[in-house]
Amino acid sequence: MKYLKLLFILLMLPSFGSIQADGGEVNDVKVKPIKNRPSDTSSDVNLHCSYMQGQLRFRFDVPEGKATLTVSCFETGEVSTKQFLTATPYYYYVGTEPGTYTLNIKTAKNEYEGVLEIQ
């Protein structure tokens, strides 16, 4: 099963937005919609994500209701799932442990994915 996860992540890495992070500075994490639904603002980015000192910050320009965040650590296989409302910024402590983390955010309107690499 671990080999399937490894293969999946390796195949999908080029399609994810990614960032390499060190500890103290603010780093933008690129998250991209994975379902291209037509909309009048399809070229605009609605979800903004940043990482600083172990903490991820998610902010939506236009709220999309309730969201489900899933963070998976590639090295350990640990998975954490949290729900939050998109009307205000949401903070999630992922930590500073070096590793590769996949981010998946699902709302009623869109689904987003990204990769955070902490060195």
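**Points about the pairing of strand β7 (residues 79-85)**
Where strand β6 (residues 66-73) lies against β7, 7 bridges are found, and the strand directions are antiparallel. Following the sheet pairing, Thr70 is matched in β7 by Thr81. Hairpin remark: β6 followed by β7, antiparallel, with 5 residues in the connecting loop; positive phi at Gly77, about 80 degrees.

**Let's talk about the confidence of the model for the protein**
Averaged over all residues, the pLDDT of the protein equals 82, while 71% of them reach at least 70. Across residues 13-23 the pLDDT falls below 50, and counting only partners more than four positions away or on other chains, this stretch makes 33 contacts in the model.

**Regarding the packing of aromatic side chains**
Evaluation of the coordinates by the stated rule reveals 3 aromatic pairs. Judged by centre distance (4.3 Å) and plane angle (5 degrees), the ring pair of Phe84 and Tyr90 falls under stacked. Of the two residues examined, Phe84 and Tyr90, each falls in the buried class. Aromatic rings pair up to connect Phe58, Phe84 and Tyr90 into one cluster.

**A closer look at the sheet that holds strand β4 (residues 47-52)**
Two modes of strand pairing occur in sheets, parallel and antiparallel, and in both the strands are linked by backbone hydrogen bonds. Taken in spatial order, the 4 strands line up as β2-β4-β5-β8 in an open sheet, and their pairing is antiparallel. Each edge of the sheet is formed by a strand with only one pairing partner; in this case those strands are β2 (27-29) and β8 (90-93). Each strand of the sheet is rotated relative to its neighbour by a mean of 25 degrees, with strand direction disregarded. Where β4 and strand β5 (residues 55-60) come together, 6 bridges link them in antiparallel fashion. Looking across to β5, one finds that Ser50 is bridged to Arg57.

Quick notes on the rules
- Residues numbered from 1 in each chain as written.
- Predicted model: local features only at pLDDT ≥ 70, side-chain atom pairs only at ≥ 80, totals over all residues.
- Heavy atoms only, no water.
- Pairing = 2+ DSSP bridges.
- Helix = DSSP H or I, 4+ residues; strand = E, 2+ residues; numbered from the N terminus.
- pLDDT = per-residue confidence, 0-100.
- Contact = heavy atoms within 4.5 Å.
- Phe/Tyr/Trp six-rings, centres within 6.5 Å; stacked < 30°, edge-to-face > 60°.
- Buried < 20%, exposed > 50% of the residue type's maximum accessible area, 1.4 Å probe, protein only.
- Axes fitted to C-alpha atoms, helices over the stretch in contact; angles between N-to-C directions.

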